[in-house]
Amino acid sequence: MSSVTVPKLSSERTSELADSLTKIRTRIAKAADGRTPTLVAVSKYKPASDILACYDLGQRDFGENYVQELVDKARQLPDDIRWHFIGTLQSNKAKVLASIPNIHTIQTLSSVKAADGLNKHIPSTRTVPLNVLLQVNTSGEDAKSGREPLRLSDSPSSIASSELVAVAQHIVTACPRLHLHGLMTIGALVESLSGDENRDFEVLKETREVLERVLSEDKEATNWGEEVEGKKRLVLSMGMSSDFESALRAGADIVRVGTGIFGSRQLKGDTTPST
Ligand SMILES: *Cc1c(COP(=O)(O)O)cnc(C)c1O
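Below: a short report on this structure. (Residues numbered from 1 in each chain as written. Predicted model: local features only at pLDDT ≥ 70, side-chain atom pairs only at ≥ 80, totals over all residues. Heavy atoms only, no water.)

Details of the overall build of the protein chain
Piece 1. Secondary structure summary: the protein chain contains 11 helices and 10 strands in total.
Piece 2. For the protein chain, the C-alpha radius of gyration of 19 Å lies close to 19 Å, the compact-globule estimate for 275 residues.
Piece 3. Summarising its shape, the C-alpha atoms of the protein chain cover approximately 60 × 50 × 45 Å along the three principal directions.
Piece 4. A buried classification covers 47% of the 275 residues belonging to the protein chain.
Piece 5. A sequence separation of at least 24 residues applies to 62% of the contacts in the protein chain between residues at least 6 apart.
Piece 6. Carbon and sulfur atoms make up 50% of the accessible area of the protein chain, which amounts to about 13700 Å² in all.
Piece 7. Taking the 34 positively charged and 36 negatively charged side chains of the protein chain as two groups, their mean positions are separated by 4 Å. (Helix = DSSP H or I, 4+ residues; strand = E, 2+ residues; numbered from the N terminus. Rg over C-alpha atoms; globule rule 2.2 N^0.38 Å. Buried < 20%, exposed > 50% of the residue type's maximum accessible area, 1.4 Å probe, protein only. Contact = heavy atoms within 4.5 Å. Areas by Shrake-Rupley, 256 points an atom, 1.4 Å probe, with all protein chains shown as cover. Lys, Arg positive; Asp, Glu negative; His and termini not counted. Charge placed at Lys NZ, Arg CZ, Asp CG, Glu CD.)

Below, the structure written as structure tokens:
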């Protein structure tokens, strides 16, 4: 933490944030049915003072989409915050990201180049590996990043030649400073709030099953997953403000909630005329 002082919030805003954070936590606990998923509070575009108010309520995991914004906030805010990068990852930004002392997880990794960049630039002072999640484009939309999902019905040769498997295998064989922690998807927005569950969540689960099987075959690879009841598992990051309950019912380990906590976002372009 530097000497920059974060301005104090109004008491109205403080109680507004306390209220929304409490409501989200309650909804998560209900949908998680006894499990304890991680809530990442997505604070993009929101001021450091908002983050500090949530921090004072015990929130420690925060997600940001823009590298410079993350760097600036990390500098001003407590160093036991666990920062998650959830934006588009350009490999030329790997060095800056890897240098943030309390960067906890990169959720949007999808290339060998970016993996190498992160692995290479993690400072020797860092004592724990950097968690990475591989982003999967479960909905197949052009606008979404990430690698193609895997299917249980895929042939061994198509699994072996998939890009997702290639990145995963590269991490576990050539990136000792990274820890392949799991998979992440954004998925298509599904309007219905009824019993209709989002297909994307099922696709991510199936992808995990296939990938876990591939990784388990490599006995040398240790820097992936976490031990759950004697079996190595990859975690799943899925679900946002509009669909986190459905994601939790489908088995999400990490949900990423922005507007549900902080309210709607004003796009940067709306306030700054031309940058
Ligand atoms: C912005 C963002 C979120 C949060 O979205 P909300 O709808 O505001 O909850 C979650 N994940 C990613 C990748 C995002 O970019």
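Structure shown, so let's carry the discussion forward.
Considering unusual backbone geometry
Piece 1. In this structure, Asp33 is a non-glycine residue whose phi angle is positive, near 50°.
Piece 2. Asp33 sits in the exposed class, given a relative accessible area of 69%.
Piece 3. For Tyr45, which is not a glycine, the phi torsion comes out positive at approximately 70°.

Things to note about the pairing of strand β5 (residues 130–135)
Piece 1. By the criterion of burial, β5 is predominantly enclosed, with six of the six residues buried.
Piece 2. Residues Leu130, Val132 and Leu134 line one face of β5 and the alternating positions Asn131, Leu133 and Gln135 line the opposite face, and both faces are buried.
Piece 3. Where strand β4 (residues 103–109) and β5 come together, three bridges link them in parallel fashion. Of the residues in β5, the one forming a bridge with Ile106 is Val132. (Pairing = 2+ DSSP bridges.)

Comments concerning the site of the ligand
Piece 1. The immediate surroundings of the ligand are formed by 13 residues, with Lys44, Asn65, Ser241, Gly258 and Arg265 found nearest.
Piece 2. A distance of 2.8 Å separates an oxygen atom of the ligand from a polar atom in the side chain of Asn65.
Piece 3. Contact distances for the ligand include 2.9 Å between a nitrogen atom and a side-chain N or O atom of Arg256.
Piece 4. For the ligand, the accessible surface in isolation is 380 Å², of which the surrounding protein chains cover 89%.
Piece 5. Of the residues contributing to the shell around the ligand, the split by class is six nonpolar, four polar and three charged. (Near = heavy atom within 4 Å. Polar contact = N/O pair within 3.5 Å; in protein donor to acceptor, adjacent residues only side chain to side chain. Nonpolar A, V, L, I, M, F, W, Y, C, P; charged D, E, K, R; others polar.)

Considerations on the pairing of β4
Piece 1. With respect to burial, β4 is a largely interior element, six of its seven residues being buried.
Piece 2. The parallel pair strand β3 (residues 82–85) and β4, bridged by helix α4 (residues 94–99), forms a crossover whose chirality is right-handed.
Piece 3. In this fold, β4 hands off to helix α5 (residues 112–121), which returns the chain to β5; that crossover is right-handed. (Right-handed = clockwise from strand over helix to strand, strands pointing away.)

So, the side chain of Gln59
Piece 1. By the secondary structure assignment, Gln59 is in the loop between α2 (48–56) and β2 (61–64).
Piece 2. A distance of 2.8 Å separates a polar atom in the side chain of Gln59 from the backbone oxygen of Asp61.
Piece 3. If we skip the residues at most four places from it in the chain, Gln59 touches Leu21, Arg25, Leu39, Val40, Ala41 and Cys54.

A short note on the environment of Ser111
Piece 1. Take Ser111: it is sitting in the loop between β4 and α5.
Piece 2. The class for Ser111 is partly exposed, based on a relative accessible area of 21%.
Piece 3. As a C-alpha pair, Ser111 and Thr259 span 148 residues in sequence and 29 Å in three-dimensional space.
Piece 4. Among residues more than four places away in sequence, those in contact with Ser111 are Arg147 and Val167.

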